[in-house]
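Coordinates in review
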Amino acid sequence: MGRRKLRILRERPGFVAALFLVGWGACLFGALANGPARAFGGGEIVRGLLAALGFGEPLGGADQSIWRLRALRALAALSVGAALGLSGGLLQGLFRNPLASPGVLGVTSGASLGASLALAALGGFGPGIVLGENAALTPLLVTAGALAGALLVLVPLLFVAGGGGRLSVPALLLAGMAMNALCAGLLAALQSLTLSDFEVARALFAWAFGTLDDRSAPQVTLVWAALAAGLLAIPLVARELDLLAGGEEDAAALGVAVRALRLAVLLLAAVLAAAAVSVAGQILFVGLIVPHAVRLLTGSAHRSLLPLSALGGGLLVLGADVLQRAWLPDVDLRPGVTMSLLGAPFFLLLLFQKKSEMRSW
């Protein structure tokens, strides 16, 4: 893409948002139309939507149930991708580095570990913790476990990477690698301890590689609620993150409460990542790829970067899922695997592009 076209896009972030929304609509249609059972036509998709909203008769036989399962899967993919994209945009703005993301820093690993511990406890591995009649609270408790795991990873990063008012990028990346390795080791130990319980072991395996299968309405609602909170918070942090790009001392001189901003953004990013992981498991690199791509398209102003990162994240996860199911219908490729295959080369390319900067780190 030429520089002139990029300049036009940066002057018109609303146009990019419109393109992303059109992509959302196209991917939603593809997700509802195609699946392992049978294909739906446009009329059936509309009829199923009207029935789901209570304005018409449901599709015949099991078709309405199939429509509902596809809709929940698509809405889960959109919300999870949007939450991870927004979380990555917040972390990159806070750490002032495009290499920061929930996956690279270990946030998704910590959230996955916390969610897995909650699942193991709720599944009966922890004696006396099974909820029984209160099983409806399971999604909330799994999310609480994911949030605790995400925060336990994020908070130490500030102490390791910070020093003298300046964040050290090498220390940040190395600390992220260490936390990823630690969480992976603990998760492997937990999986080995739960092998005797097939259902719990199966759930933990799904969380490790990500899953969009059989998501329930409460789970999907939970992620959308976290995403709504994140989007509503954008006007409160966007200007401060723009000022922070010039350095913490300059931002403080301009009236930014740096410590309060840091805590607020960390908590918000952790909530978004935890909600996504608690529903879809560990899906890496969305928060790395999307904000960086949006920054190239529309610039680094967080007022537009953050909402566009949410839109782009949803488009990436749902688009990849739709394409994978269309091109490889007989292959059960987990979304975490797909995103890793896309994201790892992108991360290496980003490191190569930053080679000259890394010499001064």
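In what follows, the accompanying structure is described.

What follows covers the overall build of the protein. Helix and strand content of the protein: 15 helices and two strands. A buried classification covers 50% of the 361 residues belonging to the protein. Partitioning the contacts of the protein with sequence separation of at least 6, the portion at a separation of at least 24 is 77%.

Now for helix α12 (residues 286-298). When the terminal C-alpha atoms of α12 are compared, their 18 Å separation across 13 residues agrees well with the 18 Å that a helix rising 1.5 Å per residue should span. The buried fraction of α12 amounts to ten of the 13 residues, a majority that puts the element mostly inside the structure. Buried residues of α12: Val286, Gly287, Leu288, Ile289, Val290, Pro291, His292, Val294, Arg295 and Thr298, and no others. Where α12 terminates, the next one or two residues include Gly299, which has phi positive at roughly 95 degrees.

Turning our attention to a nonpolar patch on the surface. A surface patch of nonpolar side chains, amounting to about 510 Å² of accessible area, comprises Val46, Leu49, Leu50, Leu53 and Phe55. Looking at the element boundaries, Val46 is found in helix α3 (residues 42-52).

The next point concerns the side chain of His302. As for its position among the elements, His302 is in helix α13 (residues 302-327). Taking relative accessible area as the criterion, His302 reaches 5% and is therefore assigned buried. Ignoring anything within four residues of it in the chain, the contact list for His302 reads Gly89, Gly93, Ile234, Ala238, Leu241, Asp242 and Pro307.

Calculation criteria
Residues numbered from 1 in each chain as written. Predicted model: local features only at pLDDT ≥ 70, side-chain atom pairs only at ≥ 80, totals over all residues. Heavy atoms only, no water. Helix = DSSP H or I, 4+ residues; strand = E, 2+ residues; numbered from the N terminus. Buried < 20%, exposed > 50% of the residue type's maximum accessible area, 1.4 Å probe, protein only. Contact = heavy atoms within 4.5 Å. Expected span 1.5 Å × (residues − 1). Patch = residues over 30% accessible without salt bridge, like charges linked within 9 Å, V, L, I, M, F, W, Y side chains within 5 Å. Areas by Shrake-Rupley, 256 points an atom, 1.4 Å probe, with all protein chains shown as cover. Salt bridge = Lys/Arg side-chain N within 4 Å of Asp/Glu carboxyl O.

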